[in-house]
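For reference, the chains in residue letters:
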Amino acid sequence: MIKLPDFPWDRLTPYKEVAQAHPDGIADLSIGTPVDSVPDVVRHALAAASDSPGYPQTHGTPALRAAAAGWLARQHGVTVDPEAVLPVIGTKELVAWLPTLLDVRAGDRVIFPELAYPTYDVGARLAGAEPFATDGLVALGPERVPLVWVNSPSNPTGRVLPAGHLAKVVAWARERGAIVASDECYIGLGWEEQPVSILHPDVCGGSHEGLLAVHSLSKRSNLAGYRAGFVTGDPDLVARLLEVRKHAGMIMPGPVQAAMTVALDDDAHAEEQRARYAARRSALRTALVSAGWRIEYSTAGLYLWASDGSGCWEQVRRLSESGILVAPGDFYGVAGKQHIRIAITATDERINAVVRRLQ
Ligand SMILES: Cc1ncc(COP(=O)(O)O)c(C=O)c1O
């Protein structure tokens with residue numbers, strides 16, 4: 001039996017109950033799930049494609065792949081061949097299965113950041129490999145490392161890795177023949193810093209060899225419910241993933257492919273959504289700082305990474321008494337034990353309630 005980590009969210013339940021008892025209701029900032037509507041253009045595209053009796057293409061339609069390549073070029077200065085784009089059924093699915101799809105095996109180590117989205121660890125375990133959280137690649141011994149995850153902007157910290165840092169990771173990995181998978185699901189949400197893709201020429205020197213970038217539409221386009229993302233980068237690696245995914249039936253539904261194409265071609269809705277998050281972030285940030293929290297990193301993405309100097313569970317408890325639910329930092333690694341993660345994804349009404357309660 002593969003040993004999976006305990007599902008940590010159950011530990012929040014008692015604090016959720018306290019927060020729910022607040023006379024004005026709970027303000028749940030513990031998870032980063034979108035709450036604003038799916039943009040109309042995207043809903044129309046989904047509806048227009050609903051008569052979809054045949055099997056969809058695992059590789060995605062040519063229009064979808066062209067839209068993904070177009071968006072990367074337009075917004076992020078990255079050039080990829082549409083042939084090297086592969087849709088995934090939400091990026092959590094790819095994160096969890098990438099080590100398996102790449103034939104990572106027992107005895108291998110899958111590397112990911114010390115403070116990280118828990119699914120990198122899960123993916124290593126599903127492949128029978130060893131999950132290994134470290135921010136110090138150079139301290140690793142000479143063993144075979146098939147796969148290294150990076151995540152900028154980071155969940156949970158909102159930290160952005162500069163191009164120079166990412167370039168060092170790429171150089172380190174290329175020396176050893178390791179694949180670098182870059183989870184870029186918050187790349188369009190830079191506030192005080194502009195995130196850069198692993199596939200940008202300033203990082204990779206113009207070659208995508210050994211590199212994969214993973215992109216999600218969940219946050220940019222409020223499509224978490226549609227399960228829409230894609231992976232791109234090294235054409236040989238993408239071809240390998242495509243081959244396995246074809247055999248395994250890992251296919252994005254046709255109507256979602258159509259909706260995702262329109263979402264990638266349209267920047268107007270993404271700008272509107274960005275503006276909503278910017279306003280919520282700024283209101284929350286000011287309120288938290290006035291109430292005694294120190295914000296660290298958090299220059300991009302959908303979370304504020306904060307500490308008042310006490311333990312993370314004490315901070316969760318304190319906020320729950322004001323009806324505010326946040327995530328304890330130790331969900332993301334032991335290095336988070338004095339921090340909390342506050343999602344900026346609640347409605348304006350709930351964000352205003354939090355601001356009032358913190359005063
Ligand atoms: C760092 C990171 N990667 C991947 C995902 C998965 O996103 P999705 O499966 O919605 O594309 C999330 C979701 O919050 C995340 O925070």
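You'll find the structure just up there.
I will try to describe carefully the structure that is included in this document. Treat the numbers as computed from the prediction; the structure is a model and nothing was measured.

1. Structural notes on the packing of helix H4 (residues 91-101) against helix H8 (residues 235-248)
Describing two packed helices takes the angle between their axes plus the distance from one axis to the other. Contact geometry of H4 with H8 gives a least axis separation of 11 Å together with a crossing angle of 100°. On the basis of their axis angle, the class for H4 and H8 is roughly perpendicular. Residues Glu93, Leu94, Leu98 and Leu101 of H4 form the contact with H8, whose participating residues are Arg240, Leu241, Val244 and Arg245. Split by residue class, the contact of H4 with H8 holds five nonpolar, no polar and three charged.

2. A few points about the sheet that holds strand E5 (residues 147-151)
Spatially, seven strands are ordered E2-E8-E7-E6-E5-E3-E4 in an open sheet, and the strand pairing comes out mixed. The outermost strands of the open sheet, each flanked by one partner alone, are strand E2 (85-88) and strand E4 (130-133). Each strand axis lies, on average, 20° off the axis of its neighbour in the sheet, ignoring direction. Where strand E3 (residues 109-112) lies against E4, four bridges are found, and the strand directions are parallel. Bridge pairing links phenylalanine 112 to alanine 133 in E4.

3. Some thoughts on empty space enclosed by the protein
As enumerated under the stated definition, the model contains two cavities of 30 Å³ or more in all. Here the largest cavity is characterised by a volume of approximately 80 Å³. Together, Trp71, Glu184, Cys185, Tyr186, Ile187, Gly188, Leu189, His215, Ser216, Lys219 and Arg220 line the largest cavity. Its residues placed into classes, the lining of the largest cavity shows five nonpolar, three polar and three charged. For the second largest cavity, the calculated volume is near 30 Å³. Lining of the second largest cavity is provided by Leu29, Leu284, Leu288, Leu319, Ile324, Val326, Ile342, Val354 and Leu358. For the lining of the second largest cavity, the secondary structure elements donating two or more residues are helix H10 (268-290) and helix H12 (348-358).

Each value, and the rule that gives it
- Residues numbered from 1 in each chain as written.
- Predicted model: local features only at pLDDT ≥ 70, side-chain atom pairs only at ≥ 80, totals over all residues.
- Heavy atoms only, no water.
- Axes fitted to C-alpha atoms, helices over the stretch in contact; angles between N-to-C directions.
- Helix = DSSP H or I, 4+ residues; strand = E, 2+ residues; numbered from the N terminus.
- Parallel < 35°, antiparallel > 145°, perpendicular 65-115°, else oblique.
- Contact = heavy atoms within 4.5 Å.
- Nonpolar A, V, L, I, M, F, W, Y, C, P; charged D, E, K, R; others polar.
- Pairing = 2+ DSSP bridges.
- 1 Å grid on protein atoms, 1.4 Å probe; cavity = no way out; pocket = protein on both sides within 12 Å on 5 of 7 lines; lining within 4 Å.
- Points joined across faces, edges and corners; volume = space filled by probe spheres on them.

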